[in-house]
Structures are given as structure tokens and as C-alpha cells.
Amino acid sequence: MKKVNFRESKPGLNSPYDHKMAAKQANIELIPLGKDILSPACQHGPTLLFERWDKSTSQNRQFFACSAFRDRKQCQFFQWADQKSSNASLNIEGNGFSHKDLRNRYFQFKKLPRSSRSVCCTCGRLLLEGELSDHAKKGHLLKHKVGLKDVKQPSFLFKPLDDNKTFAQYLFSKTTVDFLMETFESLGFTHVLCVGTPRIHEAVQNGKRSGNMSMSSMLLDLDERYAQIYPPALFTKYNMFNHHFFEPNGKVKISKFLNEGKEHTILVTDPPFGGLIEALASSFTKISSMLKELHPDGNPSMEKGFLLPMILFFPYFMEKRILQNLSTLSMIDYKVDYDNHNLFNSQQKKKGSPVRMFTNISQVLFRLPAEEGYWFCQSCQKYSSKENWHCKDCRACTSKDGTTYVHCDACLRCVKPSRSHCFKCGVCQLKDHVCGQQVLLGCHICGELDHKRRDCPARTTNGESLKTIRLGKRKQNQKCGIRAKKQGTMSNV
Ligand SMILES: C[S@@+](CC[C@H](N)C(=O)[O-])C[C@H]1O[C@@H](n2cnc3c(N)ncnc32)[C@H](O)[C@@H]1O
Ligand SMILES: [Zn+2]
Ligand SMILES: [Zn+2]
Ligand SMILES: [Zn+2]
Ligand SMILES: [Zn+2]
Ligand SMILES: [Zn+2]
Ligand SMILES: [Zn+2]
């Protein structure tokens, strides 16, 4: 079981029970802090407890920080856990408009003649009469003569917040959206709970409107621009890192949605890759247990503890960490395609997208498109990508990164094609390695051994936030004789 110094709680509730349960289900062992400290709240709900090296005391020190915004410029909240602070207050952040106000603005906007309908793509705001000049003065990107059809495609209309560490808005390509829609339909899902997947929500809503689809969906996202477009029943502002709802009836709305869909509901989530998987696992476990409360006998289509069928999008090299926290998921070979993804460097392009789907739905049910080269492996009873060959010795389709792995009889496992066995070192190594030299293996940022710092999905995240997870891993690595980076020197890349 993974050891993580991770604590969360509701402001004002002195009960550790809830997160102990969540941690148990998410397979996280919480390290007790000795006493029950309440986690203070920032504008984005309850904060999380992190740990970092404190130079002044030369020891690890715990602190509370925002669960969603780890860039201090975006959320300034910081509090040492051993110091009391008066700035801890729950103050709902917003753009000054309630969901109802935003919807009223939307109806006014729709009534305007097309020639007067402008949208500020920078702010993601539908503009009413007299509001244009302010945004124009600031040099914002404006779109004029906006058609009503454009408003129904907000993920194309608004500027994706992809240069923002927190939102990390990378949007699925049409191929991926179409594949997912077909999959949901063929698997008999009627309700899609979209957590940070606005493009999926949009596809379901537009499919429903055009009469092509009978599915329902609801969007849970931190990006409140969507509150203009979708009524309260179809959108609620939500922080997936602390299961915090920004509207008082947010939780009730989800319960209602889950209750309607019952066992035909699927949770589809594409979180920012820099976030803490432990925190996400805890939130998804809570959403799943909302279904359990509604259906105490359980969902017959699901096996073990986690009841809600789900798809989580994450890079393949985070597989181990994901399975440690959400043990009922398994990785599907499908390469998830995006319109605007900066993870693609030239090397990555050759191998295709590094993002995969993790699901608790039986792999045999996931039919991957043959026209894209996916094939069904009878031995594994799952679809594999074209370059992923079945290895008789490993008894699995072993390739992960988009290249064809080859079996090494000495290592007794499949390895990347760039490596060959070095009998001096006793392991498979890169061809140009220097024998016997201690090499820095793995990633400095998250500690995983199967990728380097430059490829780490967490590299845009503040180094200190992930240290809680890395600590245990680094100790392990040191034991194996792998040089680890000195504590406290990790910095933002
Ligand atoms: C990587 S993008 C995924 C978009 C998805 N690929 C699509 O095309 O629909 C991450 C999404 O999560 C949302 N998000 C970021 N941080 C969040 C948080 N703390 N809680 C909820 N949603 C968040 C972003 O606004 C964005 O919509
Ligand atoms: Zn915050
Ligand atoms: Zn603007
Ligand atoms: Zn196979
Ligand atoms: Zn093999
Ligand atoms: Zn080898
Ligand atoms: Zn060697």
C-alpha cells in the first residue's frame, strides 16, 4: 500500500473518518499527523496538506495549500500546518455573477440580432450591448456576428486555457470524441458524467439536440465560463481535487443525475496531468460511493469496490501510480488524440499520443477501431495497438509507449527496442551507455522509472506539491543504488 502524507477534510468538520474511508478505497495509507488538524479552506474549497523541505528548520514541514491552483500567483493561500492563521476562510470565488445571472445574460444575448452578438474569446464572455469596448481596449480576442450554433460549441468558441497550469485545457480531437460516443452507445450507457471533459458534454448535448443521440450528460468543471452556456441541471462548478462544489446544491444535482442513470451512468474524466492522483482518486471514490448510497445492493455489472464505471485519461507512464490509487482500473491501448496538446515533441509524434484510457470496464468490451490498426489479442482478451505484439514468454501484449518492445531472455521481460542486453551491467541498457556508471534513472519529478523529467506530465506543476509522493519513492530508489537528486533542490521546470 502506498504511504502518502495526504490529508483532507471539510472545513469545520472535525472528523477524519471520511478521508480514512476514501483513502482505504483508493488504496492510500494516510500517515497520522498525531492530532486532528482541520484543513483550512481557500477560495477553491478545502486545502490539501503537503510537505516540503524547510531550509530554516532543516527538516520536512507540512503546509496547507490550494488543491486546484498550485501556482501561488493564482491562489495565494499558504499556511504552515503548525501555525494558526486568520486568512483561512471559505470564500466562494466567482466572476461576480451567479449561475442564474449568467443564464439571464445568455438569454439576452440570444435575443440580440446576429450582427450585434459578440463574444470575448479571451474572457470567454458573451457580451451584451455596451460591454464590447472594455474588452476591445484591453486587446482581447473578439468574435463578432456569433451564430447560435457557435454558442452550442463553447469548447470551440472560448480560447482553451492551455497555457494555464491549472486548467491545462487540452481538448479531444474529433476522432477521439467520435470514438468515445460510439463506445458509450455500444456499451449501453445513457448518462455521461463529464468531469473536466467539456468536449464530451458538448458532443452529447449536440447529439441529443439533433436527435442523433438519446444520451444525457452533465458537466463538472472548474471553468465557470460554461455556466453561461449550460443551465444549472447540466453544469456545476466543481473542484475535482477536493470534491468541492461551488454551488450549494451541486451535490444534490449529481445525486439526481446518478439516480436517473443508475447502472447506465459512466464517469468520464480528463484531469490536468500535473495534479495529485491520490486527491483525484479520493474524489472519484466519493462520487462512486454516491451511487452506492443510491443502490446499496451494488451495480451488478461492476465487480470489486469501485461501483461507478469510469474512464480516466492519463499518460501511459503514470500507469503504476494510477493503479496504486485506483486498483480496479486497467489501461487500454487506445491512443487519445487532442487538438492542442503540447506533450507532443518530435520524438513523441513518431510514437503517437502518450495519453491512454484507464477504465474499470472489462477490456474485452472495448472495441478499438480496426481501421486505425488495433487488433484483438485472443490470449490477452483485449484489443492492442498495431505495434503492440503479443509476447509468448511474458504472456502479454507488452508494448506501452508506441514502439514495439522486444523480449530479453536474460532479463526475462520485454524491453524498449532502444535497449539491448549488457552482460556487464546485467540489465538491458541504451546502446551508448557507459558500463558500470551510476546513471540517474527515472524521473526527478515524480520518481517513476519509465520516463525522464522532460517527459513528466507533472513537470509544469510546482515541484514541492508532488514531493509528498516522491519522498517514499526516492528512499526506495536510493536503496537500489540509484542516484537520487538532493532533497530540496527540485525546482519548477
Ligand atoms: C486536460 S483538459 C480536458 C478536456 C477534455 N480533453 C475535453 O476535450 O473535453 C482538463 C479539464 O479539466 C478542467 N479542470 C482543471 N482543473 C480542474 C479542477 N481542479 N476541477 C475540475 N475541473 C478542472 C479544465 O477546465 C478542463 O476542462
Ligand atoms: Zn485556492
Ligand atoms: Zn475579454
Ligand atoms: Zn496479447
Ligand atoms: Zn516478453
Ligand atoms: Zn536484458
Ligand atoms: Zn553495460
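Residues numbered from 1 in each chain as written. Chains lettered and ligands numbered in written order. Predicted model: local features only at pLDDT ≥ 70, side-chain atom pairs only at ≥ 80, totals over all residues.

Per an unreviewed UniProt entry, the protein goes by the name Zinc finger CCHC domain-containing protein 4 and belongs to Lymnaea stagnalis. A UniProt comment under Subcellular location (unreviewed entry) is attached to the protein, and it reads "Cytoplasm". (UniProt positions renumbered as here; feature names shortened; annotations may be inferred.)

Engineer: Which parts of the structure should I look at to understand the overall build of the protein?
Structural biologist: Scanning the protein for helices and strands turns up 13 helices and 26 strands. Going through the 493 residues of the protein one by one, you find that 39% of them count as buried. Restricting to contacts in the protein with at least 6 residues of sequence separation, those with at least 24 account for 56%. (Helix = DSSP H or I, 4+ residues; strand = E, 2+ residues; numbered from the N terminus. Buried ≥ 20, exposed ≤ 12 C-beta atoms within 10 Å, placed from the backbone. Contact = placed C-beta atoms within 7 Å.)

Engineer: Got a minute to help me understand the nonpolar core in this structure?
Structural biologist: Ranked by size, the top nonpolar core spans 78 residues in total, and within it V192, L193, C194, I266 and L267 carry the most contacts. Among the elements that line this core, the one with the most residues is helix α10 (residues 277-294), at 7 residues. (Core = buried A, V, L, I, M, F, W, Y, C linked by C-beta atoms within 7 Å.)

Engineer: I'm lost on the pairing of strand β11 (residues 191-195) in this one. Help?
Structural biologist: Regular strands place side chains that alternate from one sheet face to the opposite one. For β11, the buried fraction is high: 5 of the 5 residues fall into the buried class. A two-sided burial pattern is seen for β11, the buried positions comprising H191, L193 and V195 on one face and V192 and C194 on the other. Relative to strand β12 (residues 216-221), β11 is paired through 5 bridges, and the arrangement is parallel. Residue pairing in the sheet places H191 in a bridge with S216 of β12. (Pairing = 2+ DSSP bridges.)

Engineer: Quick question: what am I supposed to make of the sheet that holds strand β8 (residues 118-120) here?
Structural biologist: Through backbone hydrogen bonds, the strands of a sheet pair up, either in parallel or in antiparallel fashion. Here we have 3 strands laid out as an open sheet, ordered β9-β8-β10, and antiparallel in their pairing. Of all the strands in the sheet, just β9 (125-127) and β10 (142-143) have a single pairing partner and so form its edges. As paired strands, β8 and β9 are joined by 3 bridges and run antiparallel to one another. Of the residues in β9, the one forming a bridge with V119 is L126.

Engineer: Which parts of the structure should I look at to understand the pairing of strand β16 (residues 310-315)?
Structural biologist: For β16, a buried count of 6 out of 6 residues is recorded, marking the element as mostly surrounded by other parts of the structure. Going residue by residue along β16, you find M310, L312 and F314 tucked away on one face and I311, F313 and P315 tucked away on the opposite face as well. Pairing of β16 with strand β18 (residues 355-359), which is carried by 5 bridges, proceeds in the antiparallel orientation. When the sheet's bridge partners are listed, P315 is paired in β18 with V355.

Engineer: What is the right way to read the environment of W80 from this model?
Structural biologist: For W80, the position within the fold is in strand β7 (residues 78-80). Distance from W80 to A279, taken between C-alpha atoms, is 20 Å for residues 199 residues apart in sequence.

Engineer: Would you take a moment to explain the environment of T190 for this structure?
Structural biologist: With respect to the helices and strands, T190 occurs in the loop between α6 (174-186) and β11. By the C-beta count within 10 Å, which is 18 here, T190 ends up partly exposed. T190 sits 174 residues away from V364 along the chain, and the two C-alpha atoms are 20 Å apart.

Engineer: I keep staring at the site of ligand 1 and nothing clicks. Help me out?
Structural biologist: Around ligand 1, a shell composed of 22 residues is seen, among which A68, G196, R199, D223 and D270 lie nearest. When residues of the shell around ligand 1 are traced back to their parent elements, those giving at least two are α7 (198-209) and β13 (235-239). Sort the elements by how many residues they give to the shell around ligand 1 and α7 lands first, with 3 residues. Tallied by class, the residues present in the shell around ligand 1 amount to 13 nonpolar, 5 polar and 4 charged. (Near = placed C-beta within 6 Å. Nonpolar A, V, L, I, M, F, W, Y, C, P; charged D, E, K, R; others polar.)

Engineer: Is there a simple way to think about helix α9 (residues 250-261) in this case?
Structural biologist: Within an α-helix, residues lying three or four positions from one another point in the same direction, as the helix has 3.6 residues per turn. In a regular helix each residue adds 1.5 Å, so 12 residues correspond to 16 Å; α9 covers 17 Å between its end C-alpha atoms and thus fits that length. Residues of α9 that are buried include every one of I254, F257, L258 and G261, and no others. Considered in projection along α9, the buried side chains sweep an arc of 95 degrees and stay on one side of the axis. Two residues or fewer past α9, K262 is found with a positive phi of approximately 45 degrees. (Expected span 1.5 Å × (residues − 1). Arc of directions from axis to C-beta.)

Engineer: Help me understand the sheet that holds strand β6 (residues 59-65), please; the structure alone is not making it clear to me.
Structural biologist: With antiparallel pairing, 3 strands are arranged side by side in an open sheet as β5-β6-β7. The open sheet has two edge strands, β5 (48-54) and β7, and neither has a second partner. Along the sheet, successive strands turn relative to each other by an average axial angle of 40 degrees, direction set aside. For β5 and β6, the ladder comprises 7 bridges, and the chain directions are antiparallel. Opposite L48, over in β6, you have A65 as the bridge partner. (Axes fitted to C-alpha atoms, helices over the stretch in contact; angles between N-to-C directions.)

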